[in-house]
There are 4 protein chains.
Amino acid sequence: MVILDNHPTGRHFLQIPGPSPVPDRILRAISLPTIDHRGPEFAAIGKKVISGLQHVFQTRHPVVIYPSSGTGAWEAALVNVMSPGDHVLMYETGHFASLWNRMALRLRLMPEFLSLPGTDETGLPVSWRRGVQAELIEERLRADREHRIKAVCVVHNETSTGVTSDIAAVRSAIDAARHPALLMVDSISGLASADLRHDEWGIDVTVSGSQKGLMLPPGISFNALSPKAIETSKSARLPKAFWAWDEIVEMNRGGYWPYTPNTNLLYGLSESLDMVLGQGLPVVFARHQRWAQAVRAAVHAWGLPTQCADECVHSPVLTGVVTPSGTDADAVRKLIHDRFDLSLGAGLGKLKGRMFRIGHLGDTNDLTLMAALSGVEMGLKLAGIPLAGSGVSAAMELFAATPAPEL
Amino acid sequence: MVILDNHPTGRHFLQIPGPSPVPDRILRAISLPTIDHRGPEFAAIGKKVISGLQHVFQTRHPVVIYPSSGTGAWEAALVNVMSPGDHVLMYETGHFASLWNRMALRLRLMPEFLSLPGTDETGLPVSWRRGVQAELIEERLRADREHRIKAVCVVHNETSTGVTSDIAAVRSAIDAARHPALLMVDSISGLASADLRHDEWGIDVTVSGSQKGLMLPPGISFNALSPKAIETSKSARLPKAFWAWDEIVEMNRGGYWPYTPNTNLLYGLSESLDMVLGQGLPVVFARHQRWAQAVRAAVHAWGLPTQCADECVHSPVLTGVVTPSGTDADAVRKLIHDRFDLSLGAGLGKLKGRMFRIGHLGDTNDLTLMAALSGVEMGLKLAGIPLAGSGVSAAMELFAATPAPEL
Amino acid sequence: MVILDNHPTGRHFLQIPGPSPVPDRILRAISLPTIDHRGPEFAAIGKKVISGLQHVFQTRHPVVIYPSSGTGAWEAALVNVMSPGDHVLMYETGHFASLWNRMALRLRLMPEFLSLPGTDETGLPVSWRRGVQAELIEERLRADREHRIKAVCVVHNETSTGVTSDIAAVRSAIDAARHPALLMVDSISGLASADLRHDEWGIDVTVSGSQKGLMLPPGISFNALSPKAIETSKSARLPKAFWAWDEIVEMNRGGYWPYTPNTNLLYGLSESLDMVLGQGLPVVFARHQRWAQAVRAAVHAWGLPTQCADECVHSPVLTGVVTPSGTDADAVRKLIHDRFDLSLGAGLGKLKGRMFRIGHLGDTNDLTLMAALSGVEMGLKLAGIPLAGSGVSAAMELFAATPAPEL
Amino acid sequence: MVILDNHPTGRHFLQIPGPSPVPDRILRAISLPTIDHRGPEFAAIGKKVISGLQHVFQTRHPVVIYPSSGTGAWEAALVNVMSPGDHVLMYETGHFASLWNRMALRLRLMPEFLSLPGTDETGLPVSWRRGVQAELIEERLRADREHRIKAVCVVHNETSTGVTSDIAAVRSAIDAARHPALLMVDSISGLASADLRHDEWGIDVTVSGSQKGLMLPPGISFNALSPKAIETSKSARLPKAFWAWDEIVEMNRGGYWPYTPNTNLLYGLSESLDMVLGQGLPVVFARHQRWAQAVRAAVHAWGLPTQCADECVHSPVLTGVVTPSGTDADAVRKLIHDRFDLSLGAGLGKLKGRMFRIGHLGDTNDLTLMAALSGVEMGLKLAGIPLAGSGVSAAMELFAATPAPEL
C-alpha cells in the first residue's frame, strides 16, 4: 500500500472516538484466508461469535450480525419493526441522534425529536451537553394516549459529545407512562466500553458496530433483539429484505447466514471476543473509566470545559474538549495532526469548530494516553491557547495513583 | 484463531465460485492499521479505488461502494430506482436470479419472472442450463405498451450454474422494443473475470461484489450507475437511507463517505485494483477463459455433462458438473472435502444434490487447478462414479499446449 | 516488497528440498513484534522451544539453538569438540557430505573421506546413490588402533540425492570396532521428517536447521549434544566463541542466551513445535513416507530412475529424478519454473545437469503434490523427454488408496 | 502465540537500546513466503540489499551479510584478518567493548585493553563515561615499534553507556603513529542512527547488526570491508569457514550466498533500506539527535546525571540515566515495566544496578518518546527517587520548539 508507506517512523496515534486502534491480534486474525461460508469450519466460528456477542450485550436473546457498517444497523432496527408513517420518539443528544432522526425521516417515518432548548453560557446547545432527560420522555409518552408512538429511540453514548445517557431511566420512564412503545438504543460507541445491559434494562433493539469497543475495523454491525421486537417485526410493513431479521436468525441457529457474511471480520470478532470476555466485562469497563478520568483531569488542569456538562454522564469512551470561543478547533486539530501525527475527532454538526474529541478506547493503555495528552498540550500551546496548567502532569498523577485494573 | 489452527499441513483448496482464494498481497493489505476515515490519507485511498473501479466496470459514471456484502447491492439497485408496486421484468437463469426475484417481492415490487419452460433429458430445468434468451425479453417488452415495466433485471454470470448471459443482446432487445425500462445487471461473479462493459452495453445499474473476480474477502459491494439511473433515482419512492446513492456520490467526490466505510477492505480493494489493472483486463479475461477451457476439457474427458448446455455461454468463472442421476452430488463433495481438503460449490435450489460447481477464479494458476482436478477425479472414483477417461490428463494437455496469458 | 509483488496470480509451488513451504501460522508468528530478549516473556518462550526441541530430537540432553543458518551449526559441531589437526572420518554420500568435509579442511582438521568407488551404468557416482555403508566405517575404525580418529561424521538425509543413511548401523559399527570416536550426524534435512533418535542411536552431536522439517524460514540452527560431547568440548582446543556451547547451555537454563538470539524465528519455532508435537512425530513421519511413495510411484511410471538406487534408504523428504543422459536437467527445471511457476531442486556438484530434486516436505499435502507432479509431467513432455506412462495417474492411485495419516 | 496473547490492551513500549521497535512494514515484509535462495527472484533481492547497505555504510567496498546475530559479526571480523597469537589493541568504553575483548581472548588472540583509570565522584568507572581517547591509542601505537599490534578495535556507539567515540580521531591517531594496524569498528548500535563513514574515516572492518538503527529483528549482521582488510584476510591464519569473506564476496556478485541465507530477514532488510535511504541519511541522523536532546532535557530536569559525562559524545541512540547511589536501578526498571508496560535497558557489567538505559531508536516518534518519558517519570516518583523537576515538561518544550526533521 504505497499510500500508507510514506508515513514517517513511529506509530500514528489514532485518538478519535472510533474507529478505535485495532490490536495486532485482531488485524492478524482478519488476514487469515477466507474460507467457504457454507463449510463446517465456518459454522463453528459463526456459532462462537453469536454466543460471545450475547455475553457482551448481556442478553439471552438473538443478536443479528450484519455485513455492513453501523449506519446499516440503525436502518435495520427501524425497518424491521416499523410500518410506513409510524411515529417514533427520538431524543437530541447530539449529532448522531440527529442523523438517526434524519434517517427515520428518509424512511418515511414520523419522528418527533425531543430536546432541551437553547444554548448555555458557552454558546453551545444545552441538549448536546447533557444526556437524555428521561422525565421529558415520560411526559411525552403520557400525553400519547392513543399510543401512536411505536418506539422510543435514544443514543447510549453520544460519540459526537462524550455524553452518555441513563438507559435504565428511559426504561423506567416508558414503564411509568404505561406505554407500549419499543425501546431502541444506539450503543454503537458504548458497547464493550460502557456497561450496557440489553435484557436487564428492557431494551427491545440495541444497535451497535464493530469499530469501537470491540476494537475491530468497521464493516460489521449488530442488532440485539428482545422477544417483543421479534414479535413486532412479524407484522411490521416497511419493506425489508437485506436487513430482515427472520431469515438471519433462522440460519444463525446453525452458524450460517442467508447470504455471504463478512468472513474475515468475523475472524476478527472471534478474536475480539476472546480478548474482551477473557478479561471480563467489569475489567473492560473499569479500564475505560480510568482512562476517561485521566483525560478529564488533564482537561480540567488546562482550564478548558468538557463538552459534557453533567458530572454524572461523562462518557468512558471519549472526551469532548471545548476550545475558547474565537479559536478554530479544527485548526488546532490540524496543527496537532501535522506536527505530532495524532488524530483527534472533529466537532460535528452544531459543534463544528467549537470543540475536538479525544477518544480513549480500543487498543490503548496509560502511556499511549500520556502520549496523546502530551501532543494535545503541545498543540494547544502552539495554537496560542492559554492554559491554566499542565494536563499532562495531572494525568500522570492520576495514573501513578493506582495500577491499571487489568494488571 | 484456534478454530482454524487445527488444520493439517498444506493449504486448503478453495474451489468454490466465490469467495475466491484471496492473494496474500490483499490479505496483508487488509491487515494494515485502520485509519481515520475523515483524514487526508483516507481521501487519497477513497479517490483511488473509485477511479480504479470505473476502469474495471468500463464506465465513466459513478460507482458506489457499499460497506456491505453483495446482497446489499442488489437491494440498493432496486430501492434507488423503484417505487412501491413497480413492475420489473426478471429472468430465471438459476438460483441467484431466483433470489433476486424473491428480494423484489419482499420489497413490495411486482416482479415478473421469465424463463424457458420444462426440464431436459437430464431432468434439469432447461432455463438453468442456458443464458438469458433476449428475444423473450423483447417480446415481453413489446407487449408492455403502457410501459409499466420499469426495469429489466438479468444476471450476467449465474454463479449457481456456470452460465453467462449476453448482456449486449438484452440491451438490443430493449432498444428494439423501444421500451424505456432500465437495464439492471447482476455481475457479482462476472466482474473482473468476464468482460463487462457498463457504458458500451448501456447498463443502467450494474451490481457487483468484492469476493469474486476482485479476489477480496466479502464485505463490500458496488452499484455502477448510468445518468438515466441517477435521474430515475431522484423521483423513486421506495424508502431509502443507507443505500441512497445521492449522498454517497456527493461525498465520494472528495474521497469520503457519508458514514463509516469498510476501511480495511478498501485497502484490499486498492491492492486488488493494482493487480487487476496492472495486468490489464484483457489478460485477466484470457486467464479465466483458459482455466475454464481446461476444466471443461476435464469434465468432458470424465464423460460428465456440464451444467451449461450452450457452448456459447460457458462461464469463465466456474463450471457446473452434473453427476449421474442416482448419485448424491453433495456426498461426493463431502468425500472430496474430507479426503483431499478441497471445497467445491454445492448444487443450489433446483439443482441440489444433482451437480457440484468448480470455481476457477481468484488467486489461482494452472497447477492449482491441476491439484483441484486431481482431487475431483480421485473423489469421483472413490464415490464409485464411472468415468470415461482421465480429466486430469485432458487438462494437462490443454495447459501444456500454450503458456498462460500473463507469462 | 515490489520485487515479489510482480508475481502473477496463484501461489508459487516451492518444491525444493528446503527451504520448505512455510505454513502461514509460522509466517504470522515470526511477524509478531520483537520483544526484549532479557525480559520475562522472552524466558517463557526460550524455555518452551528448548524443551520442545528435545522432544523432536528425542533427547534428554541439551539442544543448543544458534541464531545462524545450518552451515553455522556444522561449524559449531566441529569447533566445540575438535582440536587443531584432529582426524575425523567422514563419508561421501553426496554434495552436502562433501561440503562438510571441505569445511573440516578449512578449519585445519584432517578429514578422511570414505566412499564407494566408481560410477554405475547411469554414469553417476555409486557413492551418491546409496547411504553410508556402515561396514566400511567399522573396518576403518578397527584399523585405527591408535584412536587418532576423533569423530565419525555422517549425513542422515543427503539433501543433494534423496538418500538416507542408517545411523543406528553407524553407531553399531563404532561400537563393534570398540572405538571412542564421537558420532556426529548432520540431520539438517532429516529432523522432523524422518525418524531421528539422538539418544537411542547414541549420537554425540546432531546438527540441524530450521528450514526443512520444522517448516521455518532459514536462520536458526541446532546442535543436540550428548554428555560425552559436552565432556569432550571442555578440553577441545579449536578457538571458539560465538559457537561455544558452554555459555549458551548455561544461560539456556533460564530461557536466555548470552548474546542476542533470533527472537522472531524463535516465535516461529514455538509455533512449529506446537504443530509438530501436536500431531505427534509418528504422524509426521508417516505423512512424509506417504508423500515420498506417491512421488516415487510417479517417477517409476515415467520410467525414469530415482537418484537413490537402494530401495531401503529412499528419503521421505525429497526424491532425486535422473534425466536421460543427453538432456540438461537444469534446462528442464527452468522450463518448468517459467511455464508452471514451480521450483525444483537442481543437481548439485557431481550431479549438476544430470538430475533434479522434488521436495516433499513442509507445509504441503496430497493435492499440492499432485499439482507439482502435474507440472513436472507437463514439463518433461515439453522438454521432449519420452515418458513410459503417466506419473500423475500413478500418484493419484496411491493417494486414493488410503487417507492421509493425519485425517 | 499464546505466550504473547495474554498481554493487556495497548502496545508495549520497547525503549531498550535494541532490538529496536520494528516498523509494521518490516514485520510484514519478513512474513512473506520464503523463496528458493537459488532462484532468479532471490538474486534481485540479494543485489539490492548489498548495494543499499553500501550506501548506509558509506562505502564503495564489499559489505558481507551474515545469517547470524551481531556477536557473530564480531567473530567474523577477527577470524578473517587475524592469525593465532596476534596482538590487538582494544579500548574499554563499556560492557560491549569488554565482551569483544573477551571474545578476542577466547579466540586465542592477545588483546591489550586500554582505558582511563579509576572512578569518578559518582563511583562509576571513568572510562565507561567517556569515548575513546584517541591520544592514548596514538601513544600506545608509537610505542609499538615492531608493529606487533595488528588491529585497533573500538566501539563506535557503546550500547551499554550511551557514549559515542570519535572514529575519525582514532584513524588520525593511527596515521599519526604511522602504524599499519587495521582499524576495526563495532558500530552495531551506531549504524543508520549515528553518522558512520566507512570509507572516509578509513575503517578497515565495520561490524554491525540488524536490530538497531536498521529497525529489523535480530538475526543478520554485517562486516563492511576495506581493500586492505580483504588483502590481509588472504594470509590470516585463524581457522575460518562459516565466517570466511572470500566465498561470500565472490557469490554475492551474483546476488547469492554460498550457503542458505536468512531469506526472510533479507526481505525485511530490503524494506528497511527503502525506508532509511528513502528518507536520506541526514534526516535519519537528525531525527535521532532530536530524540536524544529531548531525552537529555528530561534527565537534566529530573536532576539525574547521564552516564555519558562528556557533552561532545552523547549517543543519539540511547541515554544512560544514573540513579542516586543507594537505589537499585533494576528495581526501578521492574516497577516501570510492571506498572506501565515499558521496557528499559539494564545497567550492564560494572554498571549493574547503578543506571538504566532509555533507547530512542527504531520505529518511534516524538509522542512515543513522550509516553516513555511519562512512564519513567511516574516510575521514578513511585520508587521514591526525589526529582528536581518535570522531565516530561522539559521534553515537551523541546519537541514543541521545532518540527521533526522528516515533516
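Residues numbered from 1 in each chain as written. Chains lettered and ligands numbered in written order. Predicted model: local features only at pLDDT ≥ 70, side-chain atom pairs only at ≥ 80, totals over all residues. Heavy atoms only, no water.

Asker: In this structure, what is going on with the overall build of chain A? I would like to understand it.
Answerer: The helix and strand tally for chain A stands at 14 helices and 13 strands. Evaluated residue by residue, chain A yields a buried proportion of 67% over its 407 residues. As displayed, chain A has an accessible area near 12,500 Å², and 54% of this comes from carbon and sulfur atoms. Across chain A, the 37 positively charged side chains and the 40 negatively charged ones have centroids separated by 3 Å. (Helix = DSSP H or I, 4+ residues; strand = E, 2+ residues; numbered from the N terminus. Buried < 20%, exposed > 50% of the residue type's maximum accessible area, 1.4 Å probe, protein only. Areas by Shrake-Rupley, 256 points an atom, 1.4 Å probe, with all protein chains shown as cover. Lys, Arg positive; Asp, Glu negative; His and termini not counted. Charge placed at Lys NZ, Arg CZ, Asp CG, Glu CD.)

Asker: Please explain the sheet that holds strand β13 (residues 355-359) of chain B as it appears in this structure.
Answerer: The pairing of strands in a sheet comes from backbone hydrogen bonds and takes either a parallel or an antiparallel form. Residues and elements named next belong to chain B. One open sheet accounts for four strands, arranged β1-β12-β13-β11; its pairing is mixed. The sheet terminates laterally at β1 (13-15) and β11 (318-322), the two strands that pair on one side only. Direction aside, neighbouring strands of the sheet carry axes that sit 30 degrees apart on average. Pairing geometry for β11 and β13, over five bridges, is antiparallel. Following the sheet pairing, V322 is matched in β13 by M355. Contacts from helix α12 (residues 329-340) reach β12 (342-346) and β13 within the one sheet, and its direction differs from that of β12 by about 165 degrees. (Pairing = 2+ DSSP bridges. Axes fitted to C-alpha atoms, helices over the stretch in contact; angles between N-to-C directions. Contact = heavy atoms within 4.5 Å.)

Asker: Looking at this structure, I do not really get the interface of chain B and chain A. What am I missing?
Answerer: It is common to give the size of an interface as the accessible area lost on bringing the parts into contact. Contacts between the two partners involve 63 residues from chain B and, on the opposite side, 64 residues from chain A. The junction of chain B with chain A conceals about 5,000 Å² of combined surface from both sides, 63% of it contributed by carbon and sulfur atoms. The tally of links between chain B and chain A comes to six salt bridges. One salt bridge in this structure joins D246 of chain B and R106 of chain A, with 2.8 Å as the shortest N-O distance. Between chain B and chain A we count twelve residue pairs in polar contact (both at pLDDT 80 or more) in total. For the side of chain B that touches chain A, the secondary-structure elements that each account for two or more residues are α1 (2-5), α2 (24-30), α3 (40-57), α4 (70-81), α5 (95-106), α9 (245-252) and α10 (263-279) of chain B. Per-element tally for the side of chain B that touches chain A: the top contributor is α10 of chain B, with six residues. (Buried area = accessible area lost by both parts, 1.4 Å probe. Salt bridge = Lys/Arg side-chain N within 4 Å of Asp/Glu carboxyl O. Polar contact = N/O pair within 3.5 Å; in protein donor to acceptor, adjacent residues only side chain to side chain.)

Asker: What is the right way to look at the interface of chain C and chain D in this model?
Answerer: On the side of chain D, 63 residues touch chain C, which itself brings 64 residues to the contact. Around 5,000 Å² of area is buried between chain C and chain D when both sides are counted, 63% of it from carbon and sulfur atoms. Taken together, the links from chain C to chain D amount to six salt bridges. Between E247 of chain D and R106 of chain C there is a salt bridge whose closest N-O contact spans 3.6 Å. Between the two partners, chain C and chain D, sit twelve residue pairs in polar contact (both at pLDDT 80 or more). Among the elements of the structure, α1 (2-5), α2 (24-30), α3 (40-57), α4 (70-81), α5 (95-106), α9 (245-252), α10 (263-279) and β12 (342-346) of chain C are those that each provide at least two residues to the side of chain C that touches chain D. Counting residues per element, the side of chain C that touches chain D draws most heavily on α10 of chain C, which supplies six residues. Of the residues contributing to the side of chain C that touches chain D, the split by class is 33 nonpolar, 18 polar and 13 charged. (Nonpolar A, V, L, I, M, F, W, Y, C, P; charged D, E, K, R; others polar.)

Asker: How do you make sense of the packing of aromatic side chains when you look at a structure like this?
Answerer: Here the distance between the centres and the angle between the planes together describe a pair of aromatic rings. Applying the stated criterion across every chain yields a total of 34 aromatic pairs over all chains. On the numbers, 5.2 Å between centres and 80 degrees between planes, the contact of W243 of chain A with F242 of chain B is edge-to-face. Of the two residues, W243 of chain A sits in the loop between α8 (227-235) and α9 (245-252) while F242 of chain B sits in the loop between α8 (227-235) and α9, which places them in two different chains. Aromatic ring contacts, followed pair by pair, group Y66, F242, W243 and Y259 of chain A together with Y66, F242, W243 and Y259 of chain B into a single cluster. (Phe/Tyr/Trp six-rings, centres within 6.5 Å; stacked < 30°, edge-to-face > 60°.)

Asker: Just to check I follow, could you spell out the pattern of salt bridges for this structure?
Answerer: Here the idea is simple: oppositely charged side chains can pair when their charged atoms come close. Residues and elements named next belong to chain B. This model, assessed by the stated rule, comprises 88 salt bridges over all chains. One salt bridge connects D338 with K334, and the closest N-O pair in it is separated by 2.6 Å. Linking D338 with K334, this pair stays in helix α12, spanning four residues, or about one helical turn.

Asker: Got a minute to help me understand the relation of the copies chain B and chain A in this structure?
Answerer: Comparison of the two chain copies shows a relationship of rotation about an axis with a shift along it. For the pair chain B and chain A, the best superposition has an RMSD of 0.0 Å and corresponds to a rotation of 180 degrees with a translation of 0.0 Å parallel to the axis. Within this description, the copies of the chain are treated as partners about a two-fold rotation axis. Residue S68 of chain B of chain B places its C-alpha closer to the rotation axis than any other residue of that unit, at 2.1 Å. A shared interface surface links the copies, since 100% of the contact residues of chain B are contact residues in chain A too. (Least-squares fit on C-alpha atoms with pLDDT ≥ 70 in both.)

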